[in-house]
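Examining the three-dimensional arrangement
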Amino acid sequence: MGQGTGQGESPAADQAGTILVLGGVRSGKSRHAEALVTAGPPPWRYIATGRAWDDEMRRRIARHRADRIAGWQTVEEPLALPAALDDAGTLPVLVDCLTLWLTNLLLEDRDIPAATDALLRALRRRPALTVLVGNEVGLGIVPETPLGRRFRDEAGWLHQAIARQAGRVVLMVAGLPLTVKDRQ
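Below you will find a few notes about this structure.

Reading the values: rules and limits
Residues numbered from 1 in each chain as written. Predicted model: local features only at pLDDT ≥ 70, side-chain atom pairs only at ≥ 80, totals over all residues. Heavy atoms only, no water. Salt bridge = Lys/Arg side-chain N within 4 Å of Asp/Glu carboxyl O. Helix = DSSP H or I, 4+ residues; strand = E, 2+ residues; numbered from the N terminus. Buried < 20%, exposed > 50% of the residue type's maximum accessible area, 1.4 Å probe, protein only. Axes fitted to C-alpha atoms, helices over the stretch in contact; angles between N-to-C directions. Parallel < 35°, antiparallel > 145°, perpendicular 65-115°, else oblique. Left-handed = near helix turned anticlockwise from the far one by under 90°. Contact = heavy atoms within 4.5 Å. Nonpolar A, V, L, I, M, F, W, Y, C, P; charged D, E, K, R; others polar. Pairing = 2+ DSSP bridges.

Considering the pattern of salt bridges
When the charged atoms of two side chains with opposite charge come close together, those side chains can pair. The final tally for this structure, using the stated rule, is six salt bridges. Of the charged contacts in the structure, one is a salt bridge between Arg125 and Asp86, with a shortest N-O distance of 2.9 Å. Residue Arg125 is found in helix H5 (residues 112–125), and its partner Asp86 is found in helix H3 (residues 81–87); the two are separated by 39 residues along the sequence. Judged by its relative accessible area of 36%, Asp86 falls in the partly exposed class. Each member of the salt-bridge network shares a partner with another, and the members are Arg51, Glu108 and Arg110.

Observations concerning the packing of H5 against helix H6 (residues 146–165)
Viewed as axis vectors pointing N to C, H5 and H6 meet at an angle of 25 degrees, and their least axial separation amounts to 11 Å. By the angle between their directions, the pair H5 and H6 is classed as roughly parallel. The two elements H5 and H6 meet at a crossing, and its hand is right-handed. Contacts from Ile112, Thr116, Leu119, Leu120, Leu123 and Arg124 of H5 reach H6 at Arg150, Glu154, Leu158, Ala161, Ile162 and Gln165. Split into classes, the residues belonging to the contact of H5 with H6 amount to seven nonpolar, two polar and three charged.

Observations concerning the sheet that holds strand E4 (residues 93–96)
Judged by pairing direction, the sheet is mixed, and its seven strands sit side by side in the order E3-E2-E4-E5-E1-E6-E7 without closing on themselves. Pairing within the sheet leaves two strands with one partner each, and these edge strands are strand E3 (72–76) and strand E7 (176–182). In this sheet, neighbouring strand axes are inclined to one another by 20 degrees on average, regardless of whether the strands run parallel or antiparallel. The sheet contact formed by strand E1 (residues 18–23) and strand E5 (residues 130–135) spans six bridges and is parallel. Bridge pairing in E5 links Ile19 to Val131. Across the sheet, H6 lies against E1, E5, strand E6 (168–173) and E7, angled at about 145 degrees from E1, the strand it touches most.

Section: the pairing of E4
On any regular strand, side chains alternate: one points to one face of the sheet, the next to the other face. Of the two faces of E4, the one carrying Val93 and Val95 and the one carrying Leu94 and Asp96 are both buried. Pairing geometry for strand E2 (residues 44–48) and E4, over four bridges, is parallel. Bridging across to E4, Ala48 finds its partner in Asp96. Across four bridges, the pairing between E4 and E5 is parallel. Following the sheet pairing, Leu94 is matched in E5 by Val131.

Pasting the structure below:
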């Protein structure tokens, strides 16, 4: 998996402005990530990567929208995440979530290493705070299917690549943020 060339990108290469928030289901990831972004003045950009595949997912998306305070600009982008980050310009951004983005890429049979490399390059170009949310899926049982095992592996590699580049990494456990990396 490539790391990008770094050419033509922001001098803030240490990515202190990129925060990765990981955790399990209902660990408080999204709430914590929103608090990190809204600590600064609005407007803020919310890049939602989920797709409304069924009624349950439509209800989740609607609940997330309703729970957001005023000041958010929501962009729904299931695949072209690097372009959506570029389009955000100098706005603080929350990406929710990396694992849904990865799912969309896998279902579309996209080149995951190339997509990851493009995402890393886009993060290096970002001049403003970027908070990315991801589900930590590597702590459970080994998935039964080849696709499930590939998803778990790809999610782990994606999170590792972003964590290497991010200035801060937070692991959410039972609603509590545990900082595992802080280069600030």
